[in-house]
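Below are the chains, spelled out letter by letter.
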Amino acid sequence: MTDITINSTDRHPARLHPLALRIMHWLNALAMVILIGSGWEIYNDEVIFGWLHFPRWMTIGGGPEGALQWHFAAMWLLMINGLCYLAYGIATGRFRRKFLPIWPREVSATVRDALRFKLGHDDITHYNAVQKLLYVGVIAVIIVQVLSGLAVWKPVQLSELAALFGSFQGSRLVHFIGMALIVGFLVVHIALALLVPKTVGAMITGGPAVDDDAKNG
Amino acid sequence: MPIKTPSPSVFRPKGGVDQSILHEHKALIAEIDRRKILRGAVSLGALTMLTGCNVTRTDAVQSVLKRISQFNDKVQELMFRPNHLAPTFSEAEVVKPPRFNAYYDIEDIAPVDVASWKLELAGRIDNKKPWTAQEIYALPEQEWITRHICVEGWDYIGQWSGVNLRQFLERIGADTKARYVSFKCADDYYGSIDMASALHPQTILATKYAREPITDPFGFPLRLRTATKLGFKNPKWITAIEVTNEYRGGYWEDRGFNWFSGI
């Protein structure tokens, strides 16, 4: 036994995506799929746009009562997991390191590179300015989505919050637009993840070892 | 193979791993990750299978969802503010006539014969003498212009008046410490609400809409109108009220909709 030296830092090097973060990412993915699928079924019961009905095969719940059950179950997963994620991101400084700062001229430079197919994917440990903007943006949209959802659910008990969205139909519309933005983000997010498959692997296994916070940016 | 010292795993290195070794094998690590993409793809694929299929039918899933819905009843009870009034509106915003909704079409309603109609009382009530429509319509009225919200997602501003339910419950000597107030209707609809919502200032036994006696499709001669619950929690054509500690459910609630359904 004496010849075994245990150095936990060496045996478990810090990963790009720590285990806690990966678990929260996939729980959030599960909550989002359930919330979007059941939300479409709930929407179908009283559509906002006459031309838009979601086909039954792409909804969850098999009817409004089942969809509402799924929606009001998955909301807990989204909210509790989301609060853990925000607390984690702030407490560990990960948000500051990964997402900040976002400079407008870096955003436009990244967009220019992307349009010329010159965007590098070798280093997945650093987010480019567009990624930063999209991740911060979708987090903000999800927060507003929870608030508009609460306003739709409790327009009387939370009447002060609901007033921020105007009328009851105003809250519904904001909740719908939030869904559309999240779905739009997911299309881009999943398409890019599949284009650079090692990012998907990293979100499962943890990805490359990263030295320390300083090098991690 | 001689084993020098008992170790939890034969693969465990004898000495500490140098960080540089990991860096040297970066390519190998990346290779392993790539293989695991397949596993990831499978989970992603499985996730999408959730859509379309009727997961709700599975008994185990169904019972978990039901339990979460009951948990949500308790959360809503805690969120309920007994003296917080729902927003009220001006007479100019009132929609006339109100929007009809039932589990059948408006052509299929069976109007109540007011001459033979009686409101029966049951359960934890001191004075269970039935009430005639005339007696009910003679009670002091209260009017509220509030938003009616349907579980489907539509809403309208309605102007309802009638006797305040709390005052009515006190008048008949009901046990207002009981848990539920339950309703039976002239059609086979039924429902129940929690006592706190029953005692809310904006909960009334409505007899009029826009100052006129309510018409047949909207619950003549008597219906519940509460500003703190979804539309389906407002039974129409009420024939019996029971004050009870027993959970009585409701027509839609027994079909999977949330029982508390507060707004």
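Heads up: these notes are all about the structure in this document. Given the structure is predicted, the values throughout are model-derived calculations rather than measurements.

Observations concerning the overall build of chain B
Moving on, step 1. A tally of regular secondary structure across chain B gives six helices and nine strands.
Moving on, step 2. Relative to its full complement of 263 residues, chain B shows a buried share of 46%.
Moving on, step 3. Within chain B, counting contacts between residues at least 6 apart in sequence, those at least 24 apart form 69% of the total.
Moving on, step 4. Surface summary for chain B: the accessible area is close to 13800 Å², and the carbon and sulfur share equals 56%.

Remarks on the nonpolar core
Moving on, step 1. Within the largest apolar cluster, 47 residues are counted, with the highest numbers of intra-cluster contacts made by Leu119, Phe168, Leu169, Phe183, Leu205 and Ile241 of chain B.
Moving on, step 2. For this core, the secondary structure elements donating two or more residues are helix H4 (133-137), strand E2 (142-149), strand E3 (155-164), helix H5 (165-171), strand E4 (180-185), helix H6 (195-198), strand E6 (203-209) and strand E9 (238-244) of chain B.
Moving on, step 3. Among the nonpolar cores identified, the runner-up in size contains 35 residues, and Ala73, Tyr127, Ile139 and Ala151 of chain A belong to it.

Quick notes on a nonpolar patch on the surface
All names here are of chain A.
Moving on, step 1. On the surface, Leu134, Val187, Val188, Leu192 and Leu195 cluster together into a nonpolar patch covering about 470 Å² of accessible area.
Moving on, step 2. Here the nonpolar patch gets four residues from one element, more than from any other, and that element is helix H8 (residues 168-195).
Moving on, step 3. Along the chain, Leu134 falls in helix H6 (residues 129-153).

So, unusual backbone geometry
All names here are of chain B.
Moving on, step 1. Residues Lys96 and Pro97 are joined by a peptide bond in cis, for which omega reads -10°.
Moving on, step 2. The residue Pro97 is located in the loop between helix H3 (59-79) and strand E1 (120-123) in this model.
Moving on, step 3. Pro221 follows Phe220 through a cis peptide bond whose omega is 5°.
Moving on, step 4. With respect to the helices and strands, Pro221 occurs in the loop between strand E7 (212-213) and strand E8 (223-226).

Considerations on the packing of helix H3 (residues 64-91) of chain A against H3 of chain B
Moving on, step 1. Between H3 of chain A and H3 of chain B, the shortest axis-to-axis distance is 9 Å and the interhelical angle comes to 70°. As far as their axial angle goes, H3 of chain B and H3 of chain A are roughly perpendicular. Two packed elements cross with a definite hand, and for H3 of chain A against H3 of chain B that hand is left-handed. Contacts from Gln69, Trp70, Phe72, Ala73, Met75 and Trp76 of chain A in H3 of chain A reach Val61, Gln62, Leu65, Ile68, Phe71, Asn72 and Val75 of chain B in H3 of chain B.
Moving on, step 2. Per-class residue counts for the contact of H3 of chain A with H3 of chain B are ten nonpolar, three polar and no charged.

Some remarks on the pairing of E3 of chain B
The side chains of a regular strand alternate between both faces of the sheet.
All names here are of chain B.
Moving on, step 1. Of all ten residues making up E3, ten are buried, and the element is well covered by its neighbours.
Moving on, step 2. The pairing of E2 with E3 spans eight bridges and is classified as antiparallel. When the bridges of E3 are listed, Thr146 appears paired with Gly158.
Moving on, step 3. Between the end of E2 and the start of E3, which pair antiparallel, lie five residues, with Gly153 showing a positive phi angle near 125°.

Observations concerning H8 of chain A
Moving on, step 1. End to end, H8 of chain A covers 41 Å across 28 residues, agreeing with the expected 40 Å (1.5 Å per residue, within 8%).
Moving on, step 2. Taken as a whole, H8 of chain A has its buried residues at Phe168, Gly170, Ser171, Arg172, Phe176, Gly178, Met179, Ile182, Phe185 and Ala193 of chain A.
Moving on, step 3. Packing partners of the buried residues in H8 of chain A comprise helix H2 (19-45), H6, helix H7 (159-163) and helix H9 (198-205) of chain A together with E2 and E3 of chain B.

What counts, and where the lines are drawn
- Residues numbered from 1 in each chain as written.
- Chains lettered and ligands numbered in written order.
- Predicted model: local features only at pLDDT ≥ 70, side-chain atom pairs only at ≥ 80, totals over all residues.
- Heavy atoms only, no water.
- Helix = DSSP H or I, 4+ residues; strand = E, 2+ residues; numbered from the N terminus.
- Buried < 20%, exposed > 50% of the residue type's maximum accessible area, 1.4 Å probe, protein only.
- Contact = heavy atoms within 4.5 Å.
- Areas by Shrake-Rupley, 256 points an atom, 1.4 Å probe, with all protein chains shown as cover.
- Core = buried A, V, L, I, M, F, W, Y, C linked by side-chain atoms within 4.5 Å.
- Patch = residues over 30% accessible without salt bridge, like charges linked within 9 Å, V, L, I, M, F, W, Y side chains within 5 Å.
- Salt bridge = Lys/Arg side-chain N within 4 Å of Asp/Glu carboxyl O.
- Axes fitted to C-alpha atoms, helices over the stretch in contact; angles between N-to-C directions.
- Parallel < 35°, antiparallel > 145°, perpendicular 65-115°, else oblique.
- Left-handed = near helix turned anticlockwise from the far one by under 90°.
- Nonpolar A, V, L, I, M, F, W, Y, C, P; charged D, E, K, R; others polar.
- Pairing = 2+ DSSP bridges.
- Expected span 1.5 Å × (residues − 1).

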